[in-house]
Each structure stands twice: as C-alpha cells, then as structure tokens.
Amino acid sequence: MVRPRRPSAQTALVLAALADDPAVWRYGYELGRQVGLKAGSLYPILIRLRDRELLEAAWEDDPAPGRPPRHLYRLTTDGLRWAAETAAQPALVRAVTRLREA
C-alpha cells in the first residue's frame, strides 16, 4: 500500500461518506449526490483511492433491466483505518464541515 498523504477536504468528505456504512457497496452517482461533488471531481478521487488500495471497486452483478452495470465502491480495511485517522484531524473536520454547509 502506498502511504497516503493528507487528503483534500473533498477526499475527506468522500472517505467520511464511505465510512458511514463500510460494509455497503456504493454507486458513484449516489455517492456524488450525497457529498455534493460532480463526476469530474468525484471519480478522480475514487480512482486515486482505489490505486492506493484504500478502496475496492467492483462491477454491479445484477443491473436493472435496460441499464448497464455500474461500478460499486467500498473502503478496504486500510481505507477504513485511514478514514478514521482523517476524521480525527481537526483542520480536515472544519474543512469538511464548510463543504457540507456550502
């Protein structure tokens, strides 16, 4: 695993959302709506987290009829640990709070 550096406020927001229920696989679109990030910001974050082995990605097994399979995401054990460490950093907590209120 590549040692992650201090995350951006947007990355911390994504980590917090994924850590809310770490066992659940999440769709990118749903996650983007929850955290208020557009695809151009969200997907690069998800790709970086996956490349650093902090996030698992898989294709949806059984898409609804007429819909293509979607990517699903959830934190790895290391990702969950890093999310907890990130949530304990006061400066990031303040930045995430400002993003949520915007």
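Residue positions are given per chain, counting from 1 as you read along its sequence in written order. Note on the predicted model: pLDDT of at least 70 is required for a residue's local features to be given, and 80 or more for side-chain atom pairs to be given and counted; whole-chain, interface and lining totals, by contrast, use all residues. Only heavy atoms go into the side-chain values, all of them from the structure, while hydrogens and water stay out.

Identification of the protein as PadR family transcriptional regulator from Actinoplanes palleronii is taken from an unreviewed UniProt entry.

Further remarks concern the overall build of the protein. Runs of H or I in DSSP of at least four residues are treated as helices and runs of E of at least two as strands, each being numbered from the N terminus. Looking only at helices and strands, one finds 5 helices and 3 strands in the protein. For the protein, the N- to C-terminal ordering of α and β elements is α-β-α-α-β-β-α-α. Buried residues in the protein amount to 33% of all 102 residues. We call two residues in contact when some of their heavy atoms are within 4.5 Å. Excluding contacts between residues fewer than 6 apart, the proportion of contacts in the protein whose partners are at least 24 apart in sequence is 59%. Summed over its atoms, the accessible surface of the protein is roughly 6,400 Å², and 52% of this surface lies on carbon and sulfur atoms. Exposed residues in this analysis have more than 50% of their type's maximum accessible area, buried residues have under 20%, and partly exposed residues fall in between, with area computed by a 1.4 Å probe over protein chains only. Surface accessibility in these figures is a Shrake-Rupley result with a 1.4 Å probe; residues are shielded only by whichever protein chains are displayed.

This paragraph deals with the sheet that holds strand β1 (residues 26-27). Strand pairing is assigned whenever DSSP detects at least two bridges linking the two strands. Pairing within the open sheet is antiparallel, and its 3 strands lie in the order β1-β3-β2. Of all the strands in the sheet, the pair left with one neighbour each is β1 and β2 (55-59). Note: β2 against strand β3 (residues 71-75), 5 bridges, orientation antiparallel. Its bridge partner being in β3, Trp 59 is matched across the sheet by His 71. For helices, the fitted axis covers only the stretch in contact; all axes are lines through C-alpha atoms, and the angles between them, taken along N-to-C directions, range from 0 to 180 degrees. Docked against the sheet, helix α3 (residues 39-51) engages β2 and β3, running at close to 110° with respect to β2.

Turning to its location among the elements, Arg 81 is positioned in helix α4 (residues 77-87). Taking relative accessible area as the criterion, Arg 81 reaches 45% and is therefore assigned partly exposed. Spatially, the C-alpha atoms of Arg 81 and Ala 19 are 9.4 Å apart, while their sequence positions differ by 62 residues. Any N or O atom pair separated by 3.5 Å or less is treated as a polar contact, with the protein-specific requirement of one donor-capable and one acceptor-capable atom, and with residues adjacent in sequence counted only for side-chain atom pairs. A distance of 2.7 Å separates the side chain of Arg 81 from the side chain of Asp 78, its partner in a polar contact.

The phi dihedral of Glu 53 falls on the positive side, at around 60°, and the residue is not glycine. Positionally, Glu 53 belongs in the loop between α3 and β2.

For the rest of this paragraph, the subject is the pairing of β3. Taken together, the 2 bridges between β1 and β3 define a ladder with antiparallel strand orientation. Bridging across to β3, Arg 26 finds its partner in Tyr 73.

To continue, consider helix α2 (residues 28-35). Listed as buried for α2 are Gly 28, Leu 31, Gly 32 and Val 35. Buried residues of α2 fall within an arc of 100° about the axis and therefore sit on the same side. Opposite its buried face, α2 presents the exposed residues Tyr 29 and Arg 33, each directed more than 90 degrees away. Those residues of α2 that are buried lie in contact with α1 (9-19), β1, α3 and β3. Within two residues after α2, Gly 36 carries a phi angle of roughly 75°, on the positive side. It is the directions from the helix axis to the C-beta atoms whose arc is reported.

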